[in-house]
Amino acid sequence: MANKVQTSAADALSGLLFDGMTIMAGGFGLCGIPENLIAAIRETGVKDLTVVSNNCGVDDFGLGVLLAGGQIRKMISSYVGENKLFAELYLSGKLELEFNPQGTLAERIRAGGAGIPAFFTKTGVGTLVAEGKEVRVFDGEEYVMERGLTADLAIVKAWKGDAEGNLVYRKTARNFNPMMATAGKVTVAEVEELVEVGQIDPDQIHTPGIYVDRILKGPVYEKRIEQLTVRKREAAGAAAGEEV
């Protein structure tokens, strides 16, 4: 078995990056994103990237730092609402955007990883989503054809992994990471806990190590919150309508 364990994010990405490549980046919002690998990509200065991700982080964190550095040419996404720079670049014509319904994006990635070049879905029929795409009728209903997605590199983040690359995700971090791990020509994973082979119950493995080429233990995770919403606690009797 090849040694997959890397000592740093820079080492994990060594020899894999080039201008004009396509990168898939897992996670949902700022949850379950490969923070350390994104930062390492930022440091290399690689540019003209096409990035497949549900969203593009926020202005100063996550994939947002690659936008700020002018490294991303095109985004294939389903949600862009938390990033003002994203909107500015797109509206000014400096950033290409391939917008997808969220479920369609997830299925395009899953299909790519499964070797399925295209599939038909009802989502988007009769809307801008279907423009320029083949539409067929099945059982009297119209369906639009969507292409599967693959990438030169997939970067994913898991809660726990072992030296063989077996991965376990936690909760929301399981969005997009598992299917992206199957759809990259090369997959690099970062984890919070790196354990010995055999310490993960086989029944708990979400991504088998056969899909993972390199793995590292992330040195630090900020785990930022996109929108922190708080309110003052009500006095004990106020919630019941009593005078306080």
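Structure: above.
All of these numbers come straight from a predicted model, not from anything done at the bench. (Residues numbered from 1 in each chain as written. Predicted model: local features only at pLDDT ≥ 70, side-chain atom pairs only at ≥ 80, totals over all residues. Heavy atoms only, no water.)

**Some remarks on the environment of Val 65**
- Its location among the elements puts Val 65 in helix α3 (residues 64–68).
- The class of Val 65 is partly exposed, set by a relative accessible area of 22%.
- Separated by 26 residues in sequence, Val 65 and Ala 39 place their C-alpha atoms 7.8 Å apart.
- In contact with Val 65, other than residues within four places in its own chain, are Ile 38, Arg 42, Asp 60 and Gln 71. (Helix = DSSP H or I, 4+ residues; strand = E, 2+ residues; numbered from the N terminus. Buried < 20%, exposed > 50% of the residue type's maximum accessible area, 1.4 Å probe, protein only. Contact = heavy atoms within 4.5 Å.)

**Details of the sheet that holds strand β7 (residues 141–147)**
- An order of β5-β7-β6 is seen for the 3 strands of this open sheet, with the pairing classed as antiparallel. Where the open sheet ends on each side, the last strands, each with one partner, are β5 (118–121) and β6 (135–138). Neighbour-to-neighbour, the strand axes of the sheet open up by a mean angle of 40 degrees, direction not taken into account.
- Note that β5 and β7 share 4 bridges and pair antiparallel. What sits directly across from Thr 121, in β7, is Val 144. (Pairing = 2+ DSSP bridges. Axes fitted to C-alpha atoms, helices over the stretch in contact; angles between N-to-C directions.)

**Focus on the pattern of salt bridges**
- Here the structure, examined in full by the defined rule, presents 10 salt bridges.
- Close ionic contact of Lys 122 with Glu 141 constitutes a salt bridge, the shortest N to O distance being 3.3 Å. Of this pair, Lys 122 sits in the loop between β5 and β6 while Glu 141 is found in strand β7, placing the two residues 19 residues apart along the sequence.
- The structure contains a network of salt bridges with shared partners spanning Lys 74, Glu 98 and Arg 108. (Salt bridge = Lys/Arg side-chain N within 4 Å of Asp/Glu carboxyl O.)

**Overview of the nonpolar core**
- Counting 27 residues, the largest nonpolar core has Leu 37, Ile 41, Ile 72, Leu 153 and Ile 155 as its most contacted members.
- Sorting the residues of this core by element identifies α1 (9–13), β1 (22–25), α2 (35–44), β2 (49–52), α3, β3 (72–77), α4 (84–91) and β8 (151–162) as the ones contributing at least two each.
- A total of 4 residues in this core trace back to one element, the largest contributor, which is α2.
- Aside from chain neighbours lying at most four places away, what touches Ile 72 is Leu 49, Val 51, Cys 56, Leu 63, Leu 66, Leu 67 and Leu 95.
- The next biggest cluster of nonpolar side chains, apart from the first, holds 22 residues, and it includes Ala 151, Ala 154, Ala 181 and Ala 183. (Core = buried A, V, L, I, M, F, W, Y, C linked by side-chain atoms within 4.5 Å.)

**Considerations on the side chain of Lys 160**
- Looking at the secondary structure, you find Lys 160 in strand β8.
- An unpaired buried charge is present at Lys 160: no salt bridge exists, and Glu 193, the closest side chain of opposite charge, is 4.2 Å distant. (Lys, Arg positive; Asp, Glu negative; His and termini not counted.)

**Comments concerning the pairing of β6**
- Of the pairings in the sheet, the one linking β6 to β7 comprises 4 bridges and is antiparallel in character. Each bridged residue has a counterpart across the sheet, and for Val 137 the counterpart in β7 is Glu 142.
- The hairpin formed by β6 and β7 contains 2 residues between the paired strands, and Asp 139 there has a positive phi angle of roughly 50 degrees.

**Some details on α4**
- A distance of 3.1 Å separates the backbone nitrogen of Leu 85 from a side-chain oxygen at the start of α4, and that oxygen is part of Asn 83.
- Positive phi shows up at Gly 93, right after α4, with a value of about 80 degrees. (Polar contact = N/O pair within 3.5 Å; in protein donor to acceptor, adjacent residues only side chain to side chain.)

**Focus on the pairing of β2**
- By the alternation rule, side chains of β2 split into Leu 49 and Val 51 and Thr 50 and Val 52, which are all buried.
- Across 3 bridges, the pairing between β1 and β2 is parallel. Bridge assignment links Met 24 to a residue of β2, and that residue is Val 52.
- Note that the unit made of β1, α2 and β2 has a crossover that is right-handed.
- Alignment of β2 against β3, held across 4 bridges, turns out to be parallel. Its bridge partner being in β3, Thr 50 is matched across the sheet by Lys 74. (Right-handed = clockwise from strand over helix to strand, strands pointing away.)

Distances and angles like these do not, on their own, reveal function.
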